Amino acid sequence: QVRLVESGGGLVQAGGSLRLSCAASGLTFSSYSMGWFRQAPGKARELVATINGAGSTTNYADSVKGRFTISRDNAKNVVYLQMNALKPEDTAFYYCACRRVPFTDYASWGQGTQVIVSV
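Fair warning: this is a prediction, and the values are worked out from it, not measured in the lab. (Residues numbered from 1 in each chain as written. Predicted model: local features only at pLDDT ≥ 70, side-chain atom pairs only at ≥ 80, totals over all residues. Heavy atoms only, no water.)

**Focus: the sheet that holds strand 8 (residues 78-83)**
Spatial strand order, 1-3-8-7: four strands in an open sheet with antiparallel pairing. Since the sheet does not close on itself, it has two edges, and those belong to strand 1 (3-7) and strand 7 (68-73), each with one partner. Across the sheet, the axes of successive neighbouring strands diverge by a mean angle of 15°, strand direction being ignored. The pairing of strand 3 (residues 18-25) with strand 8 spans six bridges and is antiparallel. Looking across to strand 8, one finds that Leu-18 is bridged to Met-83. (Pairing = 2+ DSSP bridges. Helix = DSSP H or I, 4+ residues; strand = E, 2+ residues; numbered from the N terminus. Axes fitted to C-alpha atoms, helices over the stretch in contact; angles between N-to-C directions.)

And the structure:
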């Protein structure tokens, strides 16, 4: 059974940084692409960043390009989201999810971690 557990959220001032972690278990980690998603109150869930199984290919939402960095450590079964230059509009619950290649759906999700960016 796949299990994803996020951590690292919290309250930070605008301009600050946070690093989110997502620990995975119950899967062959390197066979899965990983994604970070977020959902703010009253808004639809949006894709923030993705990384392939080898960690060689990443993609970002335009809203976070140049500020967020996704990475992974396949030896530790962990994916990270380094968030710099945070803005109040980054406030949301952040979720990690995994997608087994070559399938297209993110089938397993973590419980989320809350990020609040104050002005």
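There's plenty left to go through after this.
**Here we look at the nonpolar core**
Core analysis: the biggest nonpolar cluster contains 29 residues, and Met-34, Trp-36, Leu-81, Met-83 and Tyr-94 have the highest contact counts within it. Counting only elements with at least two residues in this core, the list comes to strand 3, strand 4 (32-39), strand 5 (46-51), strand 7, strand 8, strand 9 (92-100) and strand 11 (113-118). Not counting residues up to four positions away in its chain, the partners in contact with Leu-81 are Leu-18, Arg-19, Leu-20, Trp-36, Val-48, Ala-49, Phe-68, Thr-69, Ile-70 and Tyr-94. (Core = buried A, V, L, I, M, F, W, Y, C linked by side-chain atoms within 4.5 Å. Buried < 20%, exposed > 50% of the residue type's maximum accessible area, 1.4 Å probe, protein only. Contact = heavy atoms within 4.5 Å.)

**Quick notes on the state of the cysteines**
Enumeration over the complete set of coordinates arrives at one disulfide. A sulfur-sulfur separation of 1.9 Å characterises the disulfide bridge that pairs Cys-22 with Cys-96. On the sign convention where negative means left-handed, the S-S torsion of about 45° between Cys-22 and Cys-96 marks this disulfide as right-handed. A residue pair is termed long-range when its members are at least 10 positions apart, and Cys-22 in strand 3 and Cys-96 in strand 9 qualify at 74 residues. By relative accessible area, Cys-22 is classed as buried at 0%. Residue Cys-96 is classed as buried on the basis of its relative accessible area of 0%. Looking at the unpaired Cys-98, the closest cysteine sulfur is the one in Cys-96, lying at 7.8 Å. Judged by its relative accessible area of 2%, Cys-98 falls in the buried class. (Disulfide = S-S within 2.5 Å.)

Coordinates in, geometry out; function isn't part of it.
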